[in-house]
Amino acid sequence: SRPFQELFDRYIPGWRQDALSLRCAESLPKNEVWQAHRRAKERLIHHVNREDNMGMDVDIFTIGYARRAATYKRAGLLFHDLEWLRQIATKTGAMQIVYAGKAHPHDRHGKEIIQGIFHARESLKNVIKISYLENYDMELGKLMTAGVDVWLNTPQPPLEASGTSGMKAALNGVPSLSVLDGWWIEGCVEGVTGWAIGEDTRPPPEHADYAKDAAFLYHKLENVIVPMYYHDRDGFIDVMLHCIAINGSFFNTQRMMQEYVLKAYFR
């Protein structure tokens, strides 16, 4: 996002030519990091309220989820136990959720997933504001990966190929809360760059335990992430800085192309 580009330009000149220099991001001034994040979040919340008339608040903890509405991505995992989610929002700390993503026109199951999210939105409307934004494209993805507080990813292991949206979020200081699959197996340093949902077991899809994964997700929100966001701002910003310094500096196209050149083309 532009706020973080400007921040990097001031403190890490040359980061555009050498992404690895973002390793220095841990020394960025915390107040300026938070203000950059807040500006990005204000842009997103303004867009959500304009498009969906949700009345979302920039000071409320915001979860983001945006990707294809494919069955294996399990977009509805967050709503597996509505009562537990409702209790987290009322007893631990307020939250709001921004969704986006399209189903293939012939994907009946993908459309049903989106319908399920709308049903959850109706059920939770008095406690949690949930927006499902239309016309998901690169610009909307850019707004979301920069403007939410936590990036959610809930695929069914071992079916996630990579998960590049989480990498984009990391460059904007947005930590991931994700199943240990795809890139997050390498990128997750628990409590440092973000948080894991479940364990690194990757059972065959037919042995998936949906309820167990949902419980892991609720536990992290209830006992770790939401309390940190509201009561340990310094700690939360530390995670944001580690996102940039550890994940943002490494999981990017520049590093990938350098490896292709050195390890494949010039061999």
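Please read these numbers as outputs of a predicted model, since none were measured by experiment.

A. Fine view of unusual backbone geometry. Omega for the peptide link from Pro157 to Pro158 comes to 0°, which places this bond in the cis form. Along the chain, the position of Pro158 falls in the loop between β4 (150–153) and α6 (164–171). You will see that Asn53, though not glycine, has its phi angle at about 50°, which is positive. Take Asn53: it is sitting in the loop between α2 (30–52) and β1 (61–66). With a relative accessible area of 68%, Asn53 lands in the exposed category. With a phi angle near 55°, Asn135 is a residue other than glycine that sits in the positive phi range.

B. Spatial organisation of the layout of surface pockets. Estimates place the volume of the largest pocket at around 1,100 Å³. Considering the residues around the largest pocket, the lining is formed by 38 residues, among which Thr145, Thr164, Ser165, Met167 and Lys168 are closest to the centre. Of all the elements in the fold, those that place two or more residues in the lining of the largest pocket are α1 (2–11), α5 (138–147), α6 and α10 (253–265). Classifying every residue of the lining of the largest pocket by side-chain character gives 14 nonpolar, 13 polar and eleven charged. Forming the boundary of the second largest pocket are 15 residues, of which His47, Glu51, Leu133, Glu134 and Leu140 lie nearest the centre. For the lining of the second largest pocket, the elements supplying multiple residues, two or more each, are α2, α4 (108–124), β3 (129–133) and α5.

C. Spatial organisation of the sheet that holds β1. Strand order in the open sheet formed by six strands is β3-β2-β1-β4-β5-β6, and the pairing between neighbours is parallel. Two strands in the sheet have a free side with no partner beyond their single neighbour: β3 and β6 (194–197). Going from strand to strand, the sheet's axes swing by 20° on average, the running direction of each strand aside. Both β1 and β4 contribute to a ladder of two bridges, which runs parallel. Looking across to β4, one finds that Ile63 is bridged to Val150. Packing of α5 onto the sheet brings it into contact with β1, β2 (95–100), β3 and β4, and relative to β2 it is tilted by some 155°. The sheet strands contacting helix α8 (residues 210–231) are β1, β2, β4, β5 (176–179) and β6, and the helix crosses β6 at an angle near 160°.

D. Up close: the pattern of salt bridges. The full count for this structure, using the stated rule, is 15 salt bridges. The salt bridge involving Asp52 is made with Arg121; its shortest N-O contact spans 2.9 Å. Linking Asp52 in helix α2 with Arg121 in helix α4, this pair joins segments that are 69 residues apart in sequence. Glu190 is the partner of Lys220 in a salt bridge, and the nearest nitrogen-oxygen pair spans 3.0 Å. Of this pair, Lys220 sits in helix α8 while Glu190 sits in the loop between α7 (184–187) and β6; the two residues are 30 residues apart in sequence, bridging distant segments of the chain. Classification of Lys220 as buried rests on a relative accessible area of 13%. What emerges from the salt-bridge pattern is a single network uniting Arg38, Glu42 and Asp59.

E. Looking closely at the side chain of Lys73. Within the element layout of this structure, Lys73 appears in the loop between β1 and α3 (82–92). Among the polar contacts listed, one links the side chain of Lys73 to the side chain of Glu160, at a separation of 3.2 Å.

F. A look at empty space enclosed by the protein. Applying the stated criterion across every chain, the model contains one cavity of 30 Å³ or more. If you go around the largest cavity, the residues you meet are Arg67, Trp151, Asn153, Gly163, Ser165, Gly166, Ser176, Ser178, Trp183 and Trp184. Within the residue set of the lining of the largest cavity, elements represented by two or more residues are β4, α6 and β5. The residue inventory of the lining of the largest cavity, partitioned by class, reads three nonpolar, six polar and one charged.

G. Representation of the side chain of Gln96. Relative to the assigned elements, Gln96 resides in strand β2. Among the polar contacts listed, one links the side chain of Gln96 to the backbone oxygen of Asp57, at a separation of 2.7 Å. If we ignore the near neighbours within four places in the chain, the residues touching Gln96 are Ile45, Met56, Asp57, Ile60, Phe61, Thr62, Ile63, Ile128 and Lys129.

H. Layout of the packing of α2 against helix α9 (residues 233–248). Running from amino to carboxyl end, α2 crosses α9 at an angle of 80°, the nearest separation of the two axes being 10 Å. By the angle between their axes, α2 is roughly perpendicular relative to α9. Where α2 abuts α9, its residues Lys30, Val33, Trp34 and His37 lie against Arg233, Asp234, Phe236, Ile237, Asp238, Met240 and Leu241. A breakdown of the residues in the contact of α2 with α9 according to their chemical character gives six nonpolar, one polar and four charged.

The rules behind the values
Residues numbered from 1 in each chain as written. Predicted model: local features only at pLDDT ≥ 70, side-chain atom pairs only at ≥ 80, totals over all residues. Heavy atoms only, no water. Helix = DSSP H or I, 4+ residues; strand = E, 2+ residues; numbered from the N terminus. Buried < 20%, exposed > 50% of the residue type's maximum accessible area, 1.4 Å probe, protein only. 1 Å grid on protein atoms, 1.4 Å probe; cavity = no way out; pocket = protein on both sides within 12 Å on 5 of 7 lines; lining within 4 Å. Points joined across faces, edges and corners; volume = space filled by probe spheres on them. Nonpolar A, V, L, I, M, F, W, Y, C, P; charged D, E, K, R; others polar. Pairing = 2+ DSSP bridges. Axes fitted to C-alpha atoms, helices over the stretch in contact; angles between N-to-C directions. Contact = heavy atoms within 4.5 Å. Salt bridge = Lys/Arg side-chain N within 4 Å of Asp/Glu carboxyl O. Polar contact = N/O pair within 3.5 Å; in protein donor to acceptor, adjacent residues only side chain to side chain. Parallel < 35°, antiparallel > 145°, perpendicular 65-115°, else oblique.

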